[in-house]
Amino acid sequence: MFNAMKALLVAVLGVLYSPLCFCELARKEILNHLLNSSRYDARIAPNYEEDRATNVTLQLYILSIDSINEIAMDLSMEVFLRQTWVDPRLKYEHLSNFSNLELDQRMMANVWVPDTYFPNEKEAHFHIVTVPNRLLHISRNGTVFYSIRLSLTLTCRMSLYNYPMDEQNCPIYIETYGYTVENVLFNWKSVNAVMVDDVEMPQFHFRKAPTITKCSRTFKYATFTCLSTNLHLQRNIGYYMAQVFVPSILIVILSWVSFWIHVDAIPARISLGVLTVLTITTQSSGIRSSLPRVSYVKAIDVWNSVCLLFVFSALLEYAYINVQTRRHHKSASKDTLLTIQASNPLVKTIGLNPARRIDVRKTIGAREMDYMKMARAIDKVARFVFPMSFVIFNITFWIYYLFANNHE
């Protein structure tokens, strides 16, 4: 009785698990048949024997843009590079009804893949944690889908004329390294060729969707297929408004305070003028240290130069009225004494009597008052001219760099 029940249990288990075992064996047998070295050579392109090019469809999925470096003129990003092509040698429609075969990492080396590379790449690496981040699926009709995760640092030649109100177009080029157009042709996917994940960048945002083009590179010996896409980036000006423009505006306004300080307060006015000049100079040096040494004038250079000109002019204004006041003071004293001596020869020998000295002081004081009024009048004019000039400069600067120049 016990043996009969044991035999029945074995029969039931065999019936239940036989399909699963069959499926596993079937997939293994299909892969062994397709990738058998006697019928499949991964070193040869799919249509090489037919003397025609293999069409490879590409899609680029941008996961993140980690940094954009103005000094090195490059950008770093993480992407999925997805490639699709048809390899007739890998058809298995007549062997099974499986929709696709998913290959293990160790088997991918046995399948032909395009020799794709990025011509404007400075540095790149594969992701291998915890296993190499690659995926390869084979469909029933021989269509191969190959996806790989990459971190890239790409060259981006930037135009910094309008910095920091600039717009940058950073290209990404994809090309075959060894196969010419006779063997491999690249094409963008018809829909969503370049996809961008929810990418957040601290200094930039996408001005518009990436644009794609198809190209070819011709050398002396051959022509190679290539694809390109442009990332259209707009710099966020918020950081520069808070860290550069608003502080420099306040420093320029601070330099105008000297116009309300009395002419005789020499230490106060000189200290204020020198302090504002040094502050603007230090700020300009900090900005230049984060930018490449280009030979053309940038928008930020224009701004810093004009702000420095305003604070330096405020310092020169006081230097001018101070020198003029002192010179006229000495000239007035000398002219008054000479006039008195000429009208009374006895002054030369016996000096001025007390009453006459009082008259001299009054005369000199009157002339000093005239020159003091002139200095105050210059200060009053500066109180109006400097702010109006700075307002006119701001209107011109922002209209030109924010609207006119960026939309030429």
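Scope of this entry: the structure provided in the associated data block. Everything numeric in this text was worked out from a predicted model, so none of it was measured.

**Thoughts on the packing of helix α2 (residues 238–255) against helix α3 (residues 266–288)**
Argument step 1. Remark: α2 packs on α3, axes separated minimally by 9 Å, with the N-to-C direction vectors making an angle of 165 degrees. Between α2 and α3, the crossing angle belongs to the class labelled roughly antiparallel. Relative to α3, the crossing made by α2 is left-handed. Counting all contacts with α2, which are made through Gln243, Val244, Pro247, Ser248, Ile251, Leu254 and Ser255, the residues of α3 involved are Leu272, Thr276, Thr279, Ile280, Gln283 and Ile287.
Argument step 2. For the contact of α2 with α3, the class distribution of residues is seven nonpolar, six polar and no charged.

**With respect to the pattern of salt bridges**
A pair can form between side chains of opposite charge whenever their charged atoms are brought close.
Argument step 1. Taken as a whole, this structure holds 13 salt bridges when the rule is applied.
Argument step 2. Note that glutamate 78 and arginine 149 form a salt bridge whose closest N and O atoms lie 2.5 Å from each other. Here glutamate 78, found in strand β2 (residues 74–86), pairs with arginine 149, found in strand β7 (residues 143–155); they are 71 residues apart in sequence, far enough to count as distant.
Argument step 3. A relative accessible area of 23% means that arginine 149 is categorised as partly exposed.

**What to know about a nonpolar patch on the surface**
Argument step 1. Taken together, the side chains of Val391, Ile395, Ile399, Leu402 and Phe403 define a hydrophobic patch exposed on the protein surface, amounting to about 460 Å² of accessible area.
Argument step 2. Mapped onto the elements of the fold, valine 391 is located in helix α6 (residues 354–404).
Argument step 3. Given the relative accessible area of 43%, valine 391 is considered partly exposed.

**As for the state of the cysteines**
Argument step 1. Taken as a whole and assessed by the stated rule, the structure comprises two disulfides.
Argument step 2. Note that cysteine 156 is cross-linked by a disulfide to cysteine 170, the S-S spacing being 2.0 Å. On the S-S bond that ties cysteine 156 to cysteine 170, the torsion sits near -75 degrees, and the link is left-handed. Of the two residues, cysteine 156 sits in the loop between β7 and β8 (167–176) while cysteine 170 sits in strand β8, which places them 14 residues apart along the sequence.
Argument step 3. Through a disulfide, cysteine 215 is tied to cysteine 226; the S-S separation comes to 2.0 Å.

**Details of the packing of aromatic side chains**
Argument step 1. Taken as a whole and judged by the stated rule, the model has 27 aromatic pairs.
Argument step 2. Ring centres of tyrosine 61 and phenylalanine 80 lie 6.3 Å apart, and the angle between their planes is 35 degrees; this geometry places the pair in the tilted category. Of this pair, tyrosine 61 sits in strand β1 (residues 54–69) while phenylalanine 80 sits in strand β2, placing them 19 residues apart in sequence.
Argument step 3. For tyrosine 61, a relative accessible area of 17% translates into the label buried.
Argument step 4. For phenylalanine 80, a relative accessible area of 25% puts it in the partly exposed group.
Argument step 5. Judged by centre distance (6.5 Å) and plane angle (70 degrees), the rings of tryptophan 85 and tyrosine 146 are edge-to-face. Highlighted residues: tryptophan 85 in strand β2 and tyrosine 146 in strand β7, separated in sequence by 61 residues. Of the two residues, tryptophan 85 and tyrosine 146, both sit in the buried class.
Argument step 6. Grouping aromatic residues by their ring pairs yields a cluster made of Phe245, Trp256, Phe259, Trp303, Phe310, Phe386, Phe390, Phe393, Phe397, Trp398, Tyr400 and Tyr401.

What counts, and at which threshold
- Residues numbered from 1 in each chain as written.
- Predicted model: local features only at pLDDT ≥ 70, side-chain atom pairs only at ≥ 80, totals over all residues.
- Heavy atoms only, no water.
- Axes fitted to C-alpha atoms, helices over the stretch in contact; angles between N-to-C directions.
- Helix = DSSP H or I, 4+ residues; strand = E, 2+ residues; numbered from the N terminus.
- Parallel < 35°, antiparallel > 145°, perpendicular 65-115°, else oblique.
- Left-handed = near helix turned anticlockwise from the far one by under 90°.
- Contact = heavy atoms within 4.5 Å.
- Nonpolar A, V, L, I, M, F, W, Y, C, P; charged D, E, K, R; others polar.
- Salt bridge = Lys/Arg side-chain N within 4 Å of Asp/Glu carboxyl O.
- Buried < 20%, exposed > 50% of the residue type's maximum accessible area, 1.4 Å probe, protein only.
- Patch = residues over 30% accessible without salt bridge, like charges linked within 9 Å, V, L, I, M, F, W, Y side chains within 5 Å.
- Areas by Shrake-Rupley, 256 points an atom, 1.4 Å probe, with all protein chains shown as cover.
- Disulfide = S-S within 2.5 Å.
- Phe/Tyr/Trp six-rings, centres within 6.5 Å; stacked < 30°, edge-to-face > 60°.

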